[in-house]
Amino acid sequence: MPEGHTLHRLARRQQKLFGGQRVRVSSPQGRFAEGAAVVDGMEFHRAQAWGKHLIQRYRDGKRTQLLHVHLGLYGSFSELAVPMGEPVGQVRMRIVGDEVGTDLRGPTACELYTPADLEDLVARLGPDPLRSDADPERAWQAIHRSSRPIGALLMDQKVMAGVGNVYRAEVLFRARLDPMRAGRTVDREAFDDMWADLVALMRIGVRRGRIHVIRPEDDHGPGSYAQDRPRTYVYRRTGEPCRICRTPIATTELVGRNLYWCPHCQR
C-alpha cells in the first residue's frame, strides 16, 4: 500500500497537471459513472492529501464538489498525453486535461464526498507528519496512554496518518526503539525526536518520489532489498547483518504486517 508521501506527491502532481483547468471526467469501467458525471466539465481546483487519502476539489462558479480516492493495495494512477486513446483494463476514473490525462485503476475507494464526509475522515485520522496543520500532541496523547506496542501504534492511522510499514520499521530503528515496547513507556523526548524524524524523512520521500532513510555515514555494505530501491536499515532485510552492529535482522508479524528490527540496536 502506498505510504503517505506517495499521496502528497500525487496531489502535487495532479495540482500541477490539472489545476485551474476544466476537465473531462468519465468512468470507462462504469463503477463510478454517476459520480464522474457530476464533476465532468468542472474546474479541477485543488488536490490535497490526508495520510493515505487523496481529496480532489472541483468547482463550477460557487458550486464545489469533493472527490475522495483511497488507493488501497492495488490502486494506481497512470498518465498519458492527450488524446489518450481507448482505456486499457479496468479504468475506474479517467480525467482528461488540456494536454495530459490520467487513468485510475484498482482503488479501494473512488467516491464523491460532502464537506461533512471530509470532516468525519479528518476527525478519525491521526496527525499527518506531512501537513503543516498537523498537531503532534494528538499522536503523543494516543501513544503515551496506550499499552499497545509502539510498532503497532505507528501503523494505526487513527494515531498517526500516512505512516506505513517501511517508515514504521526504519524510524524505529533510527530511534533505537524496540518495536514491541509499550507506547506508554516511550518518553516525550523520544516521541518528539521520532516525530521530527518522520517529518524530515517523509518530506524527502515527497521530493524524490522514493523512501530514503539511510544516513550518509551508513550508506554502504549490502545492497537494497530490490534493484530499484534505496538501501534500508532493517526493512525486508531478514537475516542480513545490521548495518551498525552486524546482528542478524529479525522479523515477525505485528497487526497483520511483517515487522523488521535489529535485536541488538533496538533493545
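Residues numbered from 1 in each chain as written. Predicted model: local features only at pLDDT ≥ 70, side-chain atom pairs only at ≥ 80, totals over all residues. Heavy atoms only, no water.

- Per an unreviewed UniProt entry, the recorded name for the protein chain is DNA-(apurinic or apyrimidinic site) lyase, and the organism is Gordonia polyisoprenivorans.
- Per UniProt, the comment on the protein chain under Sequence similarities (unreviewed entry) is "Belongs to the FPG family."
- Turning to the protein chain, the UniProt record has this under Cofactor (unreviewed entry): "Zn(2+)". (UniProt positions renumbered as here; feature names shortened; annotations may be inferred.)

**Focus on the sheet that holds strand β8 (residues 109-113)**
Logical step 1: Strand order in the open sheet formed by 4 strands is β2-β3-β4-β8, with antiparallel pairing between adjacent strands. Each of the sheet's edge strands pairs with one partner strand only, and the pair in question is β2 (43-50) and β8. Adjacent strand axes in the sheet meet at a mean angle of 20°, parallel and antiparallel pairs treated alike.
Logical step 2: Of the strands in this sheet, β2 and β3 (53-60) touch helix α1 (residues 4-18), which is tilted by about 170° from β2. (Pairing = 2+ DSSP bridges. Helix = DSSP H or I, 4+ residues; strand = E, 2+ residues; numbered from the N terminus. Axes fitted to C-alpha atoms, helices over the stretch in contact; angles between N-to-C directions. Contact = heavy atoms within 4.5 Å.)

**Description of the sheet that holds strand β5 (residues 76-81)**
Strand pairing in a sheet relies on backbone hydrogen bonds, with the paired strands running either antiparallel or parallel.
Logical step 1: Read from one edge to the other, the open sheet built from 4 strands follows the order β1-β6-β7-β5, with strand pairing classed as antiparallel. Only two strands of the sheet have a single neighbouring strand rather than two, namely β1 (24-26) and β5. Ignoring strand direction, the axes of neighbouring strands in this sheet form an average angle of 15°.

**Overview of the nonpolar core**
Logical step 1: Formed by 37 residues in total, the largest nonpolar core has its most connected members in I150, M160, F191 and M194.
Logical step 2: A per-element tally of this core places helix α7 (residues 188-208) first, with 8 residues.
Logical step 3: In terms of nonpolar packing, the next biggest core, distinct from the first, is built from 24 residues, L10, A11, M42 and L67 among them. (Core = buried A, V, L, I, M, F, W, Y, C linked by side-chain atoms within 4.5 Å. Buried < 20%, exposed > 50% of the residue type's maximum accessible area, 1.4 Å probe, protein only.)

**Looking at a positive patch on the surface**
Logical step 1: A contiguous patch of positive charge, built from R12, R203, R207 and R208, is present on the exposed surface.
Logical step 2: A per-element tally of the positive patch places α7 first, with 3 residues.
Logical step 3: Residue classification places R12 among the exposed residues on the basis of a relative accessible area of 58%. (Patch = residues over 30% accessible without salt bridge, like charges linked within 9 Å, V, L, I, M, F, W, Y side chains within 5 Å. Areas by Shrake-Rupley, 256 points an atom, 1.4 Å probe, with all protein chains shown as cover. Salt bridge = Lys/Arg side-chain N within 4 Å of Asp/Glu carboxyl O. Lys, Arg positive; Asp, Glu negative; His and termini not counted. Charge placed at Lys NZ, Arg CZ, Asp CG, Glu CD.)

**What about the packing of helix α4 (residues 136-144) against α7?**
Describing two packed helices takes the angle between their axes plus the distance from one axis to the other.
Logical step 1: Packing of α4 against α7 brings their axes to within 11 Å, and their N-to-C directions diverge by 135°. Here α4 lies oblique to α7, going by the angle between them. Considering the relative orientation of α4 and α7, their crossing is right-handed. Residue-level contacts link P136, E137, A139, W140 and I143 of α4 to R188, F191 and W195 of α7.
Logical step 2: Per-class residue counts for the contact of α4 with α7 are 6 nonpolar, no polar and 2 charged. (Parallel < 35°, antiparallel > 145°, perpendicular 65-115°, else oblique. Left-handed = near helix turned anticlockwise from the far one by under 90°. Nonpolar A, V, L, I, M, F, W, Y, C, P; charged D, E, K, R; others polar.)

**As for the domain arrangement of the protein chain**
Logical step 1: Annotation of the protein chain at the domain level lists domain 1 (4-124) and domain 2 (136-261).
Logical step 2: When each unit is reduced to the centre of its C-alpha atoms, the spacing between domain 1 and domain 2 is 30 Å.
Logical step 3: In this assembly, 10 residues from domain 1 lie in contact with 16 residues from domain 2.
Logical step 4: At the boundary of domain 1 with domain 2, total buried surface from both sides reaches about 880 Å², with 57% on carbon and sulfur atoms.
Logical step 5: For domain 1, the biggest contributors to the area lost against domain 2 are H5, R9 and K52; these three give 60% of the whole.
Logical step 6: Taken together, domain 1 and domain 2 are joined by 0 salt bridges.
Logical step 7: On inspection of domain 1 and its partner domain 2, the count reaches 3 residue pairs in polar contact (both at pLDDT 80 or more). (Domains from an automatic or database assignment. Buried area = accessible area lost by both parts, 1.4 Å probe. Polar contact = N/O pair within 3.5 Å; in protein donor to acceptor, adjacent residues only side chain to side chain.)

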